[in-house]
Amino acid sequence: MPVERGGKTDMERIGLFSEMEYITVGDKYVSPFNRPFNEAASKNKQMLPGGSKAMSNLQAGYFDPHFVRIFEGEGYVNLNQVKRRDMMQAAKKNLSKAFLPSSGDKKPCGLGSYYGTIGGPVPFFSAQPRPRKKYEAPGKNLYTSPGKKGTGYGYANVTIGKQFSHADDFYDAPKQNYKKANEEHHRLLKGAPFKLNLHPRDYFDANPYFSEEPLPPIKKEEKKEAISTTFKPSSPGKKPGGMKAGTFDPYPSHSADPYVTKLAKISGKDGKIFHPPSGPKSRPVESIMTLNVRRALNSKNYKTASVPSY
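Everything numeric in this text was worked out from a predicted model, so none of it was measured.

Parameters at a glance
- Residues numbered from 1 in each chain as written.
- Predicted model: local features only at pLDDT ≥ 70, side-chain atom pairs only at ≥ 80, totals over all residues.
- Heavy atoms only, no water.
- Helix = DSSP H or I, 4+ residues; strand = E, 2+ residues; numbered from the N terminus.
- Contact = heavy atoms within 4.5 Å.
- Areas by Shrake-Rupley, 256 points an atom, 1.4 Å probe, with all protein chains shown as cover.
- Expected span 1.5 Å × (residues − 1).
- Polar contact = N/O pair within 3.5 Å; in protein donor to acceptor, adjacent residues only side chain to side chain.
- Salt bridge = Lys/Arg side-chain N within 4 Å of Asp/Glu carboxyl O.
- Buried < 20%, exposed > 50% of the residue type's maximum accessible area, 1.4 Å probe, protein only.
- Patch = residues over 30% accessible without salt bridge, like charges linked within 9 Å, V, L, I, M, F, W, Y side chains within 5 Å.

Q: Hey, could you go over the overall build of the protein for me, with residue numbers and the actual values?
A: Within the protein, the regular secondary structure consists of four helices and zero strands. Contacts in the protein between residues at least 24 apart in sequence constitute 0% of all its contacts with a sequence separation of at least 6. With an accessible surface of roughly 36500 Å², the protein has 59% of that area assigned to carbon and sulfur atoms.

Take a look at the structure:
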């Protein structure tokens, strides 16, 4: 219950007319899974359409019970009457009567007539035929005898030329002709057939080491005498001790060196020897790490730059 303080209740002090109702107190718990998707659709009467209607000339194919005009109550308009009205209004604007030419238009008498034209007939379109040469009938065609009946095979006198005469053909004519030709060939031969007495040989010898020259005498092998004892020098080798004791010669002979004159001086502008210039000199090159350090640290940010952690 609201408590009265200073003669006013809490509701009056807040400014509300009445306390809000508690509509959810005492209601039964309903799981959200059992609730319908649309509660309003499951209550009261629903809209039940009468099914789909097919489009036809009947009124049942439309939504309205009767045909509705676009303009309800408009009057009938006669187009001819409207045209006559416009023509009368246009005729009132004319100042005088309509212009009529001195003579009416001349109409042609028929198709191809030039009556009523400005130029008259055109000679190029004249219907008069051109002069032609006298017609000379061609000569007669070639007359031949009618075609001979028959297919040509097994029928006589049906071809264009003369009929072939019959000629006898012997059964063994090719054999007899070959026999006569062979006898004529042997009659023209003189003596026995030519034969070579040489045995055929290959282009190259089968044995490449074969030679027709006589072989040299056989050399006798010299027998080497076997050394029975080992070689020993007469005296041991001498060691050089600051002198020529271990050499074959006692002392090398003195050779006199010939006298050689010095080279002449080079004659030139200043009399100096030409020295070629030195090659390209190397320059100090900064490493890639130094360049990256200079790009990251400079005179403007060296105080605020942070040291990267690796």
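The structure having been displayed, the exposition proceeds.
Q: Explain helix H2 (residues 79–91) to me, using residue names and the numbers behind them.
A: Because the α-helix completes a turn every 3.6 residues, residues three or four places apart line up on one side. Compared with an ideal rise of 1.5 Å per residue, which puts 13 residues at 18 Å, H2 spans 18 Å between its outermost C-alpha atoms and is within 8% of the ideal. Two or three places before Asn80, at the start of H2, stands the capping residue Asn78, its side-chain oxygen 3.4 Å from that residue's backbone nitrogen.

Q: So what about the pattern of salt bridges? Which residues, and what values?
A: Within the structure shown, the criterion is met by one salt bridge. Between Arg187 and Glu184 there is a salt bridge, with its nearest N and O atoms 2.3 Å apart. Residue Arg187 and its partner Glu184 are both found in helix H3 (residues 173–188); the two are separated by three residues, about one turn of the helix. Taking the relative accessible area as the measure of exposure, Arg187 reaches 55% and is therefore exposed. Note on Glu184: relative accessible area 37%, which makes it partly exposed.

Q: Explain a nonpolar patch on the surface to me, and be specific about the residues and the numbers.
A: Together, Tyr114, Val122, Phe124 and Phe125 line one region of the surface with nonpolar side chains, adding up to about 470 Å² of accessible area. Its location among the elements puts Phe125 in the loop between H2 and H3. Given the relative accessible area of 63%, Phe125 is considered exposed.

Without other data, these values stay purely geometric and don't point to any function.
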